[in-house]
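# Fold and contact review
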Amino acid sequence: AINHAKEHASHALITAAGIYSARLGDQDNAIKLMKIALEITSNSVIYSNLTCLLCQQGQYEEALKYGEIGVSLADASADMWYNYAIVCKNMGKLEQAATAFRKARDLNQECAMTRCQLANVLLPLGYYEEGLREDEWRFKAHSGLRACRNRYKKPDWDGKSDGKVLVFNEQGHGDAIQFSRYLSKLKEMGIYVIFEIQPELYNLYKNNPFIDFLVKREEGRGEPIEPLPEHDYVVSVGSLPSIFDKKLENIPLKVPYVWADGVKEI
């Protein structure tokens, strides 16, 4: 059937058959069909699909080879650059991945997943200002995070306005702990801080001097266990680093910022 397709079908039809095979879970046949399509013509759509399929199969060296050819073509699309960047990322080639993700972003600036993936390679490389800015696209890229934010009706805190700010945790326990170091920065500004946290972490924060009101929330991204107090703005604790100074040397280092048995000293 494959040989017959090669002789009589157009590259577009073979490409479509490859995509359909991939959706049915037959990755090996999909790869074969994409390679046949490339024997008929060369365009970035086929290279993009083939790069993606090979990457999903863990065939990174071959995926990289096809990806490099694909991004060199004049018609290289945002998807082509994205799939090539994913291969580079999976191979630990973070600088190459960052360059490719930036190119994909420039070609399609509204693709939230591209911008989140870019953040994921920029931050380990130490490009904190750009990385933290791109990471704010996570709420558009991930439906679970978006639903978590949409539970709150108040506007996002801009990092400047006075009032009562509800700080919530959209991620796991580790993120809540490491980013809560920024609560002291809010208190320095005279902000009334409301912190919504999973019940497992409650004892770490129940006597925290940087929190005015502590709220327990169901595990994960569930609803509050107790009613939320009145507040003016909302911000994720994971967004605080992008609001404040993004230089590594200006990350708050004052310890302790959590206390297991209550406040001993500040």
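Here's a quick rundown of the structure.

Taken as a whole, the largest pocket holds about 560 Å³ of empty space. Lining of the largest pocket is provided by 25 residues; of these, Leu123, Leu132, Asp135, Phe179 and Gly238 occupy positions nearest its centre. The set of elements that each furnish at least two residues to the lining of the largest pocket consists of α8 (112-125), α9 (128-135) and α12 (173-179). If you tally residues by element for the lining of the largest pocket, the top one is α8, at 5 residues. Of the pockets and cavities examined, the second largest pocket occupies roughly 230 Å³. As for the second largest pocket, its lining consists of 13 residues, of which Glu136, Phe139, Arg149, Asp156 and Ser239 are closest to the centre. At the level of secondary structure, the elements contributing two or more residues to the lining of the second largest pocket comprise α11 (143-150), β4 (233-236) and α15 (240-243). Among the elements that line the lining of the second largest pocket, the one with the most residues is β4, at 3 residues. Counted by class, the lining of the second largest pocket contains 6 nonpolar, 3 polar and 4 charged residues.

Quick look at helix α5 (residues 60-72) now. A rise of 1.5 Å per residue sets the reference length of α5, with its 13 residues, at 18 Å; its end C-alpha atoms lie 18 Å apart and thus fit the reference within 8%. For α5, the set of buried residues is Ala63, Leu64, Tyr66, Gly67, Gly70 and Val71. Lining the buried residues of α5 we find α3 (27-40), α4 (44-56) and α6 (78-90).

It is worth spelling out the packing of aromatic side chains at this point. Under the criterion given, the structure shown has 7 aromatic pairs. Consider the rings of Tyr47 and Tyr66, whose centres lie 6.1 Å apart with planes at 40°: the pair is tilted. You can see Tyr47 sitting in helix α4 and its partner Tyr66 sitting in helix α5, a full 19 residues away along the chain. Each member of the pair, Tyr47 as well as Tyr66, is classed as buried.

What counts and how
Residues numbered from 1 in each chain as written. Predicted model: local features only at pLDDT ≥ 70, side-chain atom pairs only at ≥ 80, totals over all residues. Heavy atoms only, no water. 1 Å grid on protein atoms, 1.4 Å probe; cavity = no way out; pocket = protein on both sides within 12 Å on 5 of 7 lines; lining within 4 Å. Points joined across faces, edges and corners; volume = space filled by probe spheres on them. Helix = DSSP H or I, 4+ residues; strand = E, 2+ residues; numbered from the N terminus. Nonpolar A, V, L, I, M, F, W, Y, C, P; charged D, E, K, R; others polar. Expected span 1.5 Å × (residues − 1). Buried < 20%, exposed > 50% of the residue type's maximum accessible area, 1.4 Å probe, protein only. Contact = heavy atoms within 4.5 Å. Phe/Tyr/Trp six-rings, centres within 6.5 Å; stacked < 30°, edge-to-face > 60°.

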